[in-house]
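Letter by letter, the chains look like this.
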Amino acid sequence: MRRRTFLSALAATAGGSAAGIELTGRTFAATGQISEVEFYSTSSMLNANSAPLTDDSYVAAWAEDTATNGDGDGTGDAVLYGEDTPIPLVASDWNVVGFGSMLVTNSDTNWQKGNEEFVLNVWDDALGGSGTVLWDEGHGQYYTRAKSSEFATYAENNGYTVTATSSLSSDLSSADAAVITSPGNSFTTSELSALGDFVANGGWLFLHDQSDYGNYDSTANLNDIAGYLDLAFRFNDDEVLDTIQNAGNDYEPVTTQFNTSFDYFSDRDGLGLDPNKTYTVPVEEVLDGDTVKVTVEGTVESIRILGLDTPEKSANSQYERVQEWEGIESNTYLEAEADKATTFGKDELSGKTVDLVFDSNEPVRDAFGRVLGYLYYDAGSGSRDTLYNHELVKEGHARVYDSGFSKHDQFLASEASARSNGTNVWSESDPSKSSEIRDNPVDDLFFPQTASVRTTAGAVSDSRVPVYAASSASQSLDGGYSYGGDIPLVGVDEGSSVAVVGGPFIDEGYESAEGYSTDTSSYENYVFLTNLVDYLSDNSGDVLIDGGHGQFNAGYGLSAEDAAYYMRYLEGQDTGFEGVNEFTSTNLSGARAVVVTTPPQSFSQSEIDALNSYVADGGAVVLMGSGKTTSEARSNINSLASGLGTDLRVNADTVTDSSSNVGSSSDVPATSNFDTSFPLFDAYTPGTSSDYSVSIPTISEDGATLNDEYVDIANDGSSALDMTGWSVEDEAGNSYQFPGGFTLGAGNTVRLHSGDGTDSSTDLYWGGSYIWNNGGDTVYLFDSSGTQHTTYSY
């Protein structure tokens, strides 16, 4: 017979869930609570009938509402949770706790998410803070004690003895608890009986499963234990994913959805670095300007210098993007400046002891596991009071990251001074001379991960919608308004100087140079947004983008860091693009418009007041939603819309299109369904812009001579195109640069031969070696900004 926990029994007596019941003697974690837990490679939990577990009295933690679960191994044995049903990740019944994830392996956590504190709290709640815990290694487990040795040592330092065993049944008599991680081999009847006796006599079991994407037997083997003990929960043969709230990958869901009726969530000293502590550490090595190795509490850590970016060294130049550096268009130049930044770092820090300090607005570690921090050092004053991070910016060796770090405005002011003075890396920065890119008439747009637009009353009237999804698009509702006809993706409120766009359609993640699978440079998103800004604004200054409300770390939000290619487009139109972290009259002064993407954090009333004053002075605000976001973040952007006096809202839906899309991805709808009565669809600077459309109609890869091997490049546009700075590359990285002053006439074609010859308006010559592989190759054509314009594969 199952023994129900006191919590479960009381919940049943009360006639409902234990959540919210005030239990005498139970310590609640309302304050001093761990912030979040990372459930990497996790399964979910089920009830005793292998159906969704919806009895909250057994559930200690759920995934966020952005998570989904699926049949990872494709065998059809996963139980799927509905859209509105929370997905449980931890369950407890009798003296058994089941976890969907390993949670505390050495290789899968950096100890900054509260995982080790959570698991040790579970042990303390069960065992009172001490005892012998066996770690089963006798059933084909991959996750041995050694693979969680850091946690095991942590537990031992907090009162426990943690011992590996390959003979679990025979060793149970000397133990208080046992850990069983996803067992590859099943338990015999006698072993199950021994576990039953152990639990009946007060012993505890901690069972850890994992996501099943390879049709393993471990979930079934754990369920043999749960079934034998007649527990209220089972393990699901599934995989839980979260594309929005995760630790860098969708299979690493992060959650704050805790049932605090369980005393599992108290904040305590963990294994991670203390974000409130200053660590005095020796510098071991300066790797480059913004990466330094130090020894912290006996461990050598790479410190990523917080708040900035220095140019990359030549060896890492593939990670450098000129688009991120205002007014600079040469990677070669940036690589040379990288050496200067590295030299500066070595001169300032080598051999010194520094103070490592963290920022309360930023995580302790980045997605690559590097520590994010400030380094204070002695620059000759006799005390460690010089901030290395700031010195890099002031000395012109770095650009400021547009994230939410607390010193952003101070650093940005110093960057502006260095840029104005042409200091170091900024000596060749001249945004007014940046090449004009992509300023074509708007004939198609794409909207990644987009929602639709609605009003507080429902549909947006046609007179306020310049862009609809294609007729093949469809909605997936999350409580939002359902459109029976065309689905609006952009809404305009001229009276409030506000526009609402359904998706973050200037996200550089959809640039092929950033690794996206499809070349999107022929879409006119940048032109349309800039036209929209001018349509609503009476000002002529910079365009600002908000990055201070959590967008930098949100997959559904953008800061200036995520829109560098739009910055380069604006430079070509003699307009600046800057990040802003807080809305004040000073920060907004003189700006043409403010772009706000979906924010995880809300806006203060003083910020809303500042925006309203700014709009009254001629400014405009463009709000960008997302169909792949949290309900809280959507509420934040819609609350801002309300505060700005518009009735436009981001709809609670996702718009997809299986026919009209980018890269065969239904999540990236493309459209040309425009209301051209709006003045938003011409090139931004007609007549003087790069209104070009260039294609590669022909390649001859198998010529009898070098000059019989060639590629044709055609100007399909209506005006002549200056191709100075353009280049052609093959898959091996061989590169040809068009000669200075070369112009390709409208409708004309130039043939680029592999051999030697005299350049003309119709024929150009690479220089004397075979380039194109007979067995297949790809032609890449880059414009003068280094942006991939088109490709041709054969």
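See above for the structure.
Given the structure is predicted, the values throughout are model-derived calculations rather than measurements.

### Digging into the sheet that holds strand β32 (residues 620-624)
Part 1 of the argument: Reading across the sheet, the 8 strands line up as β30-β29-β31-β32-β28-β27-β25-β37 and stay open at both edges, with mixed pairing between neighbours. Either end of the sheet is taken by a strand with one partner, and the two such strands are β30 (577-580) and β37 (673-674).
Part 2 of the argument: Of the pairings in the sheet, the one linking strand β25 (residues 467-468) to β37 comprises 2 bridges and is antiparallel in character. Paired with Tyr 468 across the strands is Asn 673, a residue of β37.

### Comments concerning the nonpolar core
Part 1 of the argument: Counting residues in each nonpolar core, the largest one holds 73 residues, and the members touching the most others are Phe 528 and Leu 532.
Part 2 of the argument: It is helix α10 (residues 525-536) that provides the largest number of residues to this core, a total of 7 residues.
Part 3 of the argument: Apart from the residues within four sequence positions on either side, Leu 532 is in contact with Val 490, Val 492, Ala 499, Val 501, Val 622 and Leu 680.
Part 4 of the argument: One finds Leu 53, Ala 126, Phe 206 and Leu 229 within the second-largest nonpolar core, a separate group that totals 69 residues.

### Notes on the packing of helix α5 (residues 189-200) against helix α6 (residues 218-228)
Part 1 of the argument: Contact geometry of α5 with α6 gives a least axis separation of 10 Å together with a crossing angle of 50 degrees. One finds that α5 runs oblique with respect to α6. As for the relative orientation of α5 and α6, their crossing is right-handed in sense. Contacts from Leu 192, Ser 193, Leu 195 and Gly 196 in α5 reach Asp 224, Ile 225 and Tyr 228 in α6.
Part 2 of the argument: Classifying every residue of the contact of α5 with α6 gives 4 nonpolar, 2 polar and 1 charged.

### Some thoughts on empty space enclosed by the protein
Part 1 of the argument: In this structure the tally under the stated criterion is 3 cavities of 30 Å³ or more.
Part 2 of the argument: Of the pockets and cavities examined, the largest cavity occupies roughly 130 Å³.
Part 3 of the argument: Of all the secondary-structure elements, those providing two or more residues to the lining of the largest cavity are β22 (399-400), α9 (408-421), α11 (564-572) and β30.
Part 4 of the argument: In terms of residue count, the dominant contributor to the lining of the largest cavity is β30 (3 residues).
Part 5 of the argument: Tallied by class, residues from the lining of the largest cavity come to 6 nonpolar, 2 polar and 7 charged.
Part 6 of the argument: The space that makes up the second largest cavity amounts to roughly 60 Å³.
Part 7 of the argument: Surrounding the second largest cavity, Arg 438, Phe 446, Phe 505, Ile 506, Asp 507, Tyr 510, Glu 511, Thr 520, Tyr 523, Asn 525 and Tyr 526 form its lining.
Part 8 of the argument: Taken together, the residues that form the lining of the second largest cavity break down as 6 nonpolar, 2 polar and 3 charged.

### Here we look at unusual backbone geometry
Part 1 of the argument: Even without being a glycine, Leu 103 presents a positive backbone phi close to 75 degrees.
Part 2 of the argument: With respect to the secondary-structure elements, Leu 103 resides in the loop between β6 (96-99) and α2 (115-127).
Part 3 of the argument: Of note, the phi angle at Asp 574 is positive, near 60 degrees, even though the residue is not glycine.
Part 4 of the argument: Residue Asp 574 is classed as exposed on the basis of its relative accessible area of 60%.

### Quick notes on the pattern of salt bridges
Part 1 of the argument: This model, assessed by the stated rule, comprises 25 salt bridges.
Part 2 of the argument: When the shortest N-O distance is used, the salt bridge between Glu 326 and Arg 419 registers 3.5 Å. Remark: Arg 419 occurs in helix α9 and Glu 326 occurs in the loop between β18 (308-309) and α7 (331-349); sequence separation between them is 93 residues.
Part 3 of the argument: Arg 419 sits in the partly exposed class, given a relative accessible area of 22%.
Part 4 of the argument: With a shortest N-O distance of 3.9 Å, Arg 634 and Asp 478 are connected by a salt bridge. On the criterion of sequence distance, the pair formed by Arg 634 in helix α14 (residues 631-643) and Asp 478 in the loop between β26 (474-477) and β27 (488-493) is long-range, its members being 156 residues apart.
Part 5 of the argument: Among the residues examined, Asp 478 registers a relative accessible area of 41% and is labelled partly exposed.

### Observations regarding the sheet that holds strand β43 (residues 735-737)
Part 1 of the argument: The sheet built from 4 strands is open, its strands ordered β43-β42-β47-β48 with antiparallel pairing. Each having just a single partner strand, β43 and β48 (788-793) make up the two edges of the open sheet. Direction aside, neighbouring strands of the sheet carry axes that sit 15 degrees apart on average.
Part 2 of the argument: As paired strands, strand β42 (residues 727-729) and β43 are joined by 3 bridges and run antiparallel to one another. Across the sheet, Ser 727 pairs through a bridge with Gln 737, a residue of β43.

### Considerations on the packing of aromatic side chains
Part 1 of the argument: Summed over the entire model, instances satisfying the criterion amount to 39 aromatic pairs.
Part 2 of the argument: Here Trp 123 and Phe 151 contribute two aromatic rings whose centre-to-centre distance is 5.2 Å and whose plane-to-plane angle is 85 degrees, an arrangement assigned as edge-to-face. Of this pair, Trp 123 sits in helix α2 while Phe 151 sits in helix α3 (residues 149-156), placing them 28 residues apart in sequence. Like Phe 151, Trp 123 is buried.

### Some details on the side chain of Glu 191
Part 1 of the argument: Take Glu 191: it is sitting in helix α5.
Part 2 of the argument: Here the side chain of Glu 191 touches Thr 188 through a polar contact of 2.8 Å, landing on its backbone nitrogen.
Part 3 of the argument: Other than its neighbours up to four places away in sequence, Glu 191 contacts His 139, Ser 169 and Ser 186.

### Examining the environment of Ala 78
Part 1 of the argument: Along the chain, the position of Ala 78 falls in the loop between β4 (68-70) and β5 (88-93).
Part 2 of the argument: For the pair Ala 78 and Tyr 566, spaced 488 residues apart in the sequence, the C-alpha separation amounts to 43 Å.
Part 3 of the argument: Excluding anything up to four places from it in sequence, Ala 78 contacts Gly 70, Asp 71, Asn 236, Asp 237 and Asp 238.

Calculation rules
Residues numbered from 1 in each chain as written. Predicted model: local features only at pLDDT ≥ 70, side-chain atom pairs only at ≥ 80, totals over all residues. Heavy atoms only, no water. Pairing = 2+ DSSP bridges. Helix = DSSP H or I, 4+ residues; strand = E, 2+ residues; numbered from the N terminus. Core = buried A, V, L, I, M, F, W, Y, C linked by side-chain atoms within 4.5 Å. Buried < 20%, exposed > 50% of the residue type's maximum accessible area, 1.4 Å probe, protein only. Contact = heavy atoms within 4.5 Å. Axes fitted to C-alpha atoms, helices over the stretch in contact; angles between N-to-C directions. Parallel < 35°, antiparallel > 145°, perpendicular 65-115°, else oblique. Left-handed = near helix turned anticlockwise from the far one by under 90°. Nonpolar A, V, L, I, M, F, W, Y, C, P; charged D, E, K, R; others polar. 1 Å grid on protein atoms, 1.4 Å probe; cavity = no way out; pocket = protein on both sides within 12 Å on 5 of 7 lines; lining within 4 Å. Points joined across faces, edges and corners; volume = space filled by probe spheres on them. Salt bridge = Lys/Arg side-chain N within 4 Å of Asp/Glu carboxyl O. Phe/Tyr/Trp six-rings, centres within 6.5 Å; stacked < 30°, edge-to-face > 60°. Polar contact = N/O pair within 3.5 Å; in protein donor to acceptor, adjacent residues only side chain to side chain.

Keep in mind these values describe shape, not function.
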